[in-house]
Amino acid sequence: MRVLSGIQPTGRFHWGNYFGAIRQYIDLQGNRDDAFYFIANLHALTTVRDREQLARNTLDAAIDLLALGLDPQRATLFVQSDVPEVSELCWLLMTGTPMGLLERCHAFKDKKARGLTADAGLFTYPVLMAADILIYDSDVVPVGEDQVQHIEVTRDLAASFNHAFAESFVLPKPKVLDTSARVPGIDGEKMSKSYHNTLEVFEEPKALRKKIMRIVTDSRPVEQPKQPESDHLFQLYSLFADQRQCDEMAATYRRGGFGYGEVKKALADLAESYFAEARARRKELEAHPDRVRAILGDGAARARKKAAEVLLRAQVACGVKFAGPAAGVATRVPG
Ligand code: ADP
Ligand code: TRP
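Residues numbered from 1 in each chain as written. Chains lettered and ligands numbered in written order. Predicted model: local features only at pLDDT ≥ 70, side-chain atom pairs only at ≥ 80, totals over all residues. Heavy atoms only, no water.

Peer 1: What am I meant to see in the pairing of strand 3 (residues 76–79) here?
Peer 2: Side-chain direction in a regular strand flips from residue to residue, so the side chains alternate between the two faces of the sheet. Of the two faces of strand 3, the one carrying Thr-76 and Phe-78 and the one carrying Leu-77 and Val-79 are both buried. Pairing analysis gives four bridges linking strand 2 (residues 35–39) to strand 3, with the strands arranged parallel. From the neighbouring strand, Phe-36 faces strand 3, where its bridge partner is Thr-76. (Buried < 20%, exposed > 50% of the residue type's maximum accessible area, 1.4 Å probe, protein only. Helix = DSSP H or I, 4+ residues; strand = E, 2+ residues; numbered from the N terminus. Pairing = 2+ DSSP bridges.)

Shown next, in the form of structure tokens:
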């Protein structure tokens, strides 16, 4: 069974990305042929239009993922554009994609609703994503809830290609990531780059502490007892705290008589030690970008091997390539 997911290198990872996605990818790794993770730089190109920035973000994303525990012995890590077969499959799929299907996809629909002009890259974004998934015969795709629609599109495109030509693609299933891990930002809204309310995983400890101190809290008096569950500062604290620490903090909230400043300080201390090892690993990797590139090169080679096989299967199925005996092509046996 192959698990596959992609993450866009659109900026530095924040706590929402880590607890909502990255940590769960890491938990799913096991065998490097069965866990494929890639950095979706072609998708990021729809928003990042500065070449140095995109290249820097891509390498940073790889370093961050490795520092956070993605293990190249237990997962295949690569960069999307290092597998050009994906773009070719994208075209094959695009020829059978109804315009209406893409018009209903939220990234395009939302942009249009805001009166902005979209380009063809954004419009066809879900088809590239389908190619990303189908080209590795992926069975399970762990994603946040916002991406489930794209997996539905992938299944639709795969099924109609299989129906029009020959059984070629595995129909993948989404694995919706734990949504209870929806991380609030410093203003209490969902943490997101677009809201400028993020706390970054690898922010310098001093700067991070300063940001934590700026977390918005209410102005109720110190003595007043408070409900921990509905408080975003408490929610952030519980990401890092163990059960005993959580229970103690919850009891402190209910008793009242504490200042939010104390909670913020406790949060900063916990977060700092939580990511301390990853931070040290990151420093080491940053000093050896050649090692990171070698890991990505190795991952791409493995990914391309599988991609070439599936692309050829699709090319033969739709008649743009002939299957000679040398090609050794068979249509996929369902099951
Ligand atoms: P952003 O909103 O900052 O642009 P992305 O959309 O690039 O983040 O998110 C990448 C992954 O991280 C997605 O799988 C998404 O579900 C997850 N994620 C992002 N923000 C949060 C959050 N605040 N809480 C939980 N998961 C999140
Ligand atoms: N669109 C995804 C996101 O923004 C990233 C992505 C690209 C992806 N291709 C994928 C995720 C394939 C899973 C599978 O989060």
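Peer 1: What's the story with the pairing of strand 4 (residues 140–143) in this structure? I'm lost.
Peer 2: Going residue by residue along strand 4, you find Val-140 and Pro-142 tucked away on one face and Val-141 and Val-143 tucked away on the opposite face as well. Relative to strand 5 (residues 173–176), strand 4 runs parallel, the two being bridged by four bridges. Note on strand 5: the bridge partner recorded for Val-143 is Val-176. Handedness of the strand 4-helix 9 (residues 148–164)-strand 5 crossover: right-handed. (Right-handed = clockwise from strand over helix to strand, strands pointing away.)

Peer 1: What should I look at first to understand helix 4 (residues 85–94) in this one?
Peer 2: Given 3.6 residues per turn, any residue in an α-helix points the same way as the ones three and four places further on. Taken together, the buried positions of helix 4 are Glu-85, Val-86, Leu-89, Cys-90, Leu-92 and Leu-93. Relative to the axis of helix 4, the buried residues are bounded by an arc of 165° and lie together on one face. Taken together, the buried residues of helix 4 touch helix 8 (125–134), helix 9 and helix 15 (289–318). (Arc of directions from axis to C-beta. Contact = heavy atoms within 4.5 Å.)

Peer 1: I tried to follow the environment of Gln-24 on my own but got confused; where do I start?
Peer 2: The residue Gln-24 is located in helix 1 (residues 15–28) in this model. Residue Gln-24 is classed as buried on the basis of its relative accessible area of 16%. It is 7.3 Å that separates the C-alpha atoms of Gln-24 and Leu-177, two residues lying 153 residues apart in sequence.

Peer 1: Quick question: what am I supposed to make of the nonpolar core here?
Peer 2: Generally speaking, nonpolar side chains in soluble globular proteins are found buried as a group. By size, the foremost hydrophobic cluster in this structure holds 59 residues, and its most contacted members are Trp-15, Leu-68, Leu-199, Phe-240 and Leu-267. Lining this core are residues from two domains, each supplying at least three of them: domain 1 (3–182 + 288–327) and domain 2 (203–274). Aside from chain neighbours lying at most four places away, what touches Leu-267 is Trp-15, Ile-212, Ile-215, Leu-233, Leu-236, Tyr-237 and Phe-240. Membership of the second largest hydrophobic core comes to 43 residues, among which are Leu-92, Leu-134, Ile-135 and Val-143. (Core = buried A, V, L, I, M, F, W, Y, C linked by side-chain atoms within 4.5 Å. Domains from an automatic or database assignment.)

Read these as geometric descriptors, not functional statements.
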